[in-house]
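A structural walkthrough
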Amino acid sequence: MTELRNPNRAMFWRILRRLLGANRGRLWVMLLALGAGAAVTAALLNLQVDAKRRLTTEFRAFGPNVLITPREGDPTAISESTFDESVLKDVSPFRNEAGMVLANVYLYLIADVTSTASRENQRVVIGGTQGVGADDLREAARIELQSPNNQLCNVGGKVATQMHLQVGDRLTMSNGRVQESCKVGLIQLNGGAEDSEILPHLDVAQRLAGLPGRISLVQISVPGTPQQIDRYIADLQKRIPEAEVRPIRQFTEGEAKIYNRIGGLLTATVGIVLLLTALCVMVAMTNVAIERKMDVGLMKAIGGATQRVVRLFLAEAALLGLGGGLVGAALGILLSIGLGKAVFGVAARPRLIVYPVAVGLTILVAVVSAFPLRRLAGIRPASVFRGEA
Amino acid sequence: MFLRLVADSFGRRPRHKLLTGAALALGMGVATAALSVALDVGDRLAMEFRSLGANLVATSRADSLPLEIGGVDYRPVNAGAYLPESDLPKLKTIFWHNNIIGFAPILEIRGEALLFSDKDGEFQPAGWIENVPLIGTWAEHGFSLPEGGEFHTGVVKTNPWWRIDGQWFSDGAKECVVGAAFAQKHGIKVGDSISLARGEVTKTPAPLKVTGVLNSGGPEDESIVVPLRYAQSLADRPGQYRKLYISALTKPEDDFARRDPKTMKPDEFERWSCSPYVSSIAYSVQQVLPGTDVRVIRRVAEGEGQILTHVQTLLWLVTLAAMLAAALAVGASSAASVIERRVEISLMKALGAGSGTVGFLLAAEQLLLAVVGGGVGYALGIVLARLLGERIFGAAPEPTLLVFFVVIGLAAIVTLLGSALPLRRASRMDPAPILRGE
């Protein structure tokens, strides 16, 4: 039996080789269809996995989405609505499962501000601030700007217009008998409450208010999916019972809604494109497969069992799928890296799992599209040779 | 004879033609669906982003600096400048009036509140609360538009994340809404009554009915929200407001949009003001509301612009990939259909047809297939795009003629290109060996 099987197997592979080599044009057509399908599959799968993750990072363009505020106290008495900055040691490590968590600490008070250059005097909200946990370069630069050593402060655009301030002007802030000064480092107009505030370093504001070590607000920028953000808030609240941790609903809810929409959009598009790519490849393959009538006829004429003939063609299809898939999927992953770079400015990280999945899918499509060949089993060799069918 | 040959080819091998046509239709279906969704997605997503609320804020240019900490303004009421409410309907007359989906004027004051508790159907005074932040605004204010119809706007549109237990007050009624934290602290429920007053009080003012409890997640939770008209009468500022929030549909800003309009040449300025950039909408709002300073809320507008641009690029790339895959599959199947007709081609050549005639015949066949397949594919794709659009955004994209022409054109080009290569090879071949079957 084994002796019979071995030459059989050798023959099987030889026929397979011949089938593949018989018509170069057809081989290329099939490989091209399968390879293109595999490339698109791999590129889209990789991009899909990456884009959803990237989207949550994109949302950080909206800035902080979580606040820590004092729990009790009269909101109208500024000095009472503060809490100790030691709560911040609980915010660290500044990380959750989705990436870096950035925080800005604020202490607010109202002070009389005089500009030495324009000699104007106004009561302005002072928001002493300091960044925590920033490792982003731009963030670091902003904090450097406000460092207590070089005594620079950010000034809101509305303040600058009303007091005729320019970058480099010196400001004197006084609260009762305490006086502090700083130099205008940056003038910003961004449509928020900061437009009518002066933002020096936290230490300056704490000295000015006479409240060392106290803060009135922490703004946190938490990355991640809506669920990850909720978990982070719950976890933080448990660790800081003395203050209130709450999401900025405007952003957390808006983000959640948009995340779900875009996620759904991507999944749906990718799903449908993949399905129809498979269908297209299948149709192209089926078209090629049908013209195999001659070969089937010949094989049956010289005594090939239907099962063996079908097995032969399925093996051919699988081999083609493997070849097209291996090359196409690799190309697709390379493509998605480039695409990721074009869209998000950062190359998409190739997911290794995508490669075998794409190759597997391609083989599956190739084998399934060879399925119409089963019908060929019913072919009568004689009528094929007579040219009737 | 030419037409007969084409008709014969279709009639003789309906199955082959059907398969090639099906590949074409499917491929073009994907292309249509992806293209329709990609064309539509910018508008739909821009609408979604409005769930982040207002992206423009207008204040009086003459206003003094607000001394605002944690949403509480520490300025005395008589300080600062106010804006006239009567100008507001003009917002719907600007060039971009269709892009303005909502606005809400705000007047904040501080006052005293007298709570009434409900005892056996009779309201009993339950105590004064001093220094309560009061926010006067529109919940859902309607006014008629110059071109007919009515426009409803208010905080419901500009602050969609505000949740209300119960319902909003109706405009001008003696009703109010209480912030969740305030309500909890003082045990106020929907249906209670509150009297509000400011300054010297000689007699108890007519009470307002609490119609809802507001949960905003912000400083508004500590305050009482009243109809704008009522806040104006309390502040003795009839027909005036202090701050205006505007929510507008915008196009993501590019480098051109960020330029200062004052430095633009006339034609550049026209192009700028004819694009719905957030800055150009701010500019035209400022034109109709004299004395205001309209600022872009950068945090909302820039984040939105950035994400919108990225998502749109991503979708275009996916569309492109889909079209590429469809094109390759269609090209491959039309190439296959030419390859298998080598015998036929050889026969025609043996009978004296030139390469040009044969090529023309085959091209005509393929084009016919492309138009029919592309047409069916377009119909298929429109249905698919509808399904997608309704599933994701709750609204189907409008079918456009542009997509139709692009799809038909693509189908024609791809089938021709796909068959051109094997055709060239076939035309160079010697008919004799092929006819002999070698």
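**Structural notes on the overall build of chain A**
- Each helix and strand in chain A was counted, giving 11 helices and 13 strands.
- Residues counted as buried form 45% of the 389 residues belonging to chain A.
- Nonlocal contacts in chain A, meaning residues at least 24 apart in sequence, comprise 81% of its contacts between residues at least 6 apart.

**Comments concerning the overall build of chain B**
- For chain B, the helix and strand inventory stands at 12 helices and 16 strands.
- Over its C-alpha atoms, taken along the principal directions, chain B stretches across nearly 115 × 60 × 40 Å.
- Every one of the 438 residues in chain B was classed for burial, and the buried ones make up 46%.
- A separation threshold of at least 6 residues defines the contact pool for chain B, and within that pool the share at least 24 residues apart is 78%.

**So, the confidence of the model for chain B**
- Taken over all residues, the pLDDT of chain B has a mean of 82, while the share at 70 or more is 96%.
- Per the prediction output, this complex has pTM 0.77; the corresponding ipTM is 0.73.

**Overview of the pairing of strand S7 (residues 152-156) of chain A**
Residues and elements named next belong to chain A.
- In terms of burial, S7 is a largely internal element, 5 of the 5 residues being buried.
- Covered by surrounding structure in S7 are Leu152, Asn154 and Gly156 together with Cys153 and Val155, the residues of both alternating faces.
- Sheet topology note: the S7/strand S9 (residues 178-188) ladder contains 5 bridges and is parallel. Bridge pairing in S9 places Leu152 opposite Lys183.

**Regarding the domain arrangement of chain B**
- Each assigned domain of chain B is listed here: domain 1 (2-45 + 308-435) and domain 2 (55-296).
- A straight line from the C-alpha centre of domain 1 of chain B to that of domain 2 of chain B covers 56 Å.

**Brief notes about helix H5 (residues 228-235) of chain B**
Residue and element names in this part refer to chain B.
- Most of H5 sits out of view: 6 of its 8 residues are buried.
- Residues of H5 that are buried: Leu228, Tyr230, Ala231, Gln232, Leu234 and Ala235.
- Among the residues trailing H5, Asp236 stands out with phi positive, at a value near 60°.

**A short note on the interface of chain A and chain B**
- Every contact between the two is made by 68 residues of chain A and, on the other side, 68 residues of chain B.
- Those elements that provide at least two residues to the side of chain A that touches chain B are helix H2 (24-58), strand S5 (102-115), strand S6 (121-132), helix H4 (157-163), strand S13 (243-247), helix H7 (249-290) and helix H9 (306-344) of chain A.
- By residue class, the composition of the side of chain A that touches chain B is 40 nonpolar, 17 polar and 11 charged.

**Re the environment of Ala51 of chain A**
- Mapped onto the fold, Ala51 of chain A is located in helix H2.
- Between the C-alpha atom of Ala51 of chain A and that of Gly263 of chain A, which follows or precedes it by 212 residues, the distance is 8.5 Å.

**Concerning helix H9 (residues 342-350) of chain B**
All names here are of chain B.
- Taken residue by residue, H9 has Ile345, Ser346 and Lys349 as its buried positions. In a view along the axis of H9, the buried residues occupy a sector of 100°, so they form one face of it.
- Two residues or fewer past H9, Gly352 is found with a positive phi of approximately 105°.

**Regarding the packing of H2 of chain A against helix H10 (residues 354-369) of chain A**
All names here are of chain A.
- At their nearest, the axes of H2 and H10 sit 9 Å apart, and the two run at 145° to each other. Taken as a pair, H2 and H10 cross one another with a handedness that is right-handed. Note on element contacts: H10 touches H2 through Val354, Tyr355, Val357, Ala358, Val359, Leu361, Thr362, Val365 and Ala366, opposite Leu34, Gly37, Ala38, Thr41, Ala42, Leu45, Asn46 and Val49.
- Its residues assigned to classes, the contact of H2 with H10 comprises 13 nonpolar, 4 polar and no charged.

**Details of the pairing of strand S10 (residues 175-179) of chain B**
Residues and elements named next belong to chain B.
- The buried fraction of S10 is high, at 5 of 5 residues.
- Pairing analysis gives 5 bridges linking S10 to strand S12 (residues 208-215), with the strands arranged parallel. Of the residues in S12, the one forming a bridge with Val177 is Gly212.
- Pairing geometry for S10 and strand S13 (residues 224-227), over 2 bridges, is antiparallel. Note on S13: the bridge partner recorded for Val178 is Ile224.

**Regarding the confidence of the model for chain A**
- Summing up the model confidence of chain A, the mean pLDDT is 77 and the portion of residues at 70 or higher is 80%.
- Below pLDDT 50 for its whole length, residues 134-145 of chain A participates in 13 contacts with residues either more than four positions away or in separate chains.

**Notes on the environment of Ile272 of chain A**
- Along the polypeptide, Ile272 of chain A turns up in helix H7.
- Here Ile272 of chain A falls in the buried class, since 20 other C-beta atoms lie within 10 Å of it.
- Along the primary structure Ile272 of chain A and Gly192 of chain A are separated by 80 residues, whereas in three dimensions their C-alpha atoms are 42 Å apart.
- Excluding its chain neighbours within four sequence positions, the residues that come into contact with Ile272 of chain A are Ala33, Leu384 and Leu388 of chain B.

**Structural notes on the environment of Ser223 of chain B**
- Positionally, Ser223 of chain B belongs in the loop between S12 and S13.
- Sequence separation between Ser223 of chain B and Leu134 of chain B is 89 residues; the distance between their C-alpha atoms is 5.7 Å.

**Some points on unusual backbone geometry**
Residue and element names in this part refer to chain B.
- Non-glycine residue Asn131 carries a positive phi angle of around 55°.
- Here Asn131 is to be found in strand S6 (residues 122-137).
- Phi is positive for Asp236, which is not a glycine, with a value near 60°.
- Within the secondary structure layout, Asp236 lies in the loop between H5 and strand S14 (240-241).

**Digging into the packing of helix H2 (residues 14-49) of chain B against helix H10 (residues 355-393) of chain B**
Residues and elements named next belong to chain B.
- It is the contact of H2 with H10, at a shortest axis distance of 6 Å, that shows an interaxial angle of 40°. Our classification of the angle between H2 and H10 gives oblique. Regarding H2 and H10, the two cross each other, and that crossing is right-handed.

Conventions we followed
Residues numbered from 1 in each chain as written. Chains lettered and ligands numbered in written order. Predicted model: local features only at pLDDT ≥ 70, side-chain atom pairs only at ≥ 80, totals over all residues. Helix = DSSP H or I, 4+ residues; strand = E, 2+ residues; numbered from the N terminus. Buried ≥ 20, exposed ≤ 12 C-beta atoms within 10 Å, placed from the backbone. Contact = placed C-beta atoms within 7 Å. pLDDT = per-residue confidence, 0-100. Pairing = 2+ DSSP bridges. Domains from an automatic or database assignment. Nonpolar A, V, L, I, M, F, W, Y, C, P; charged D, E, K, R; others polar. Arc of directions from axis to C-beta. Axes fitted to C-alpha atoms, helices over the stretch in contact; angles between N-to-C directions. Left-handed = near helix turned anticlockwise from the far one by under 90°. Parallel < 35°, antiparallel > 145°, perpendicular 65-115°, else oblique.

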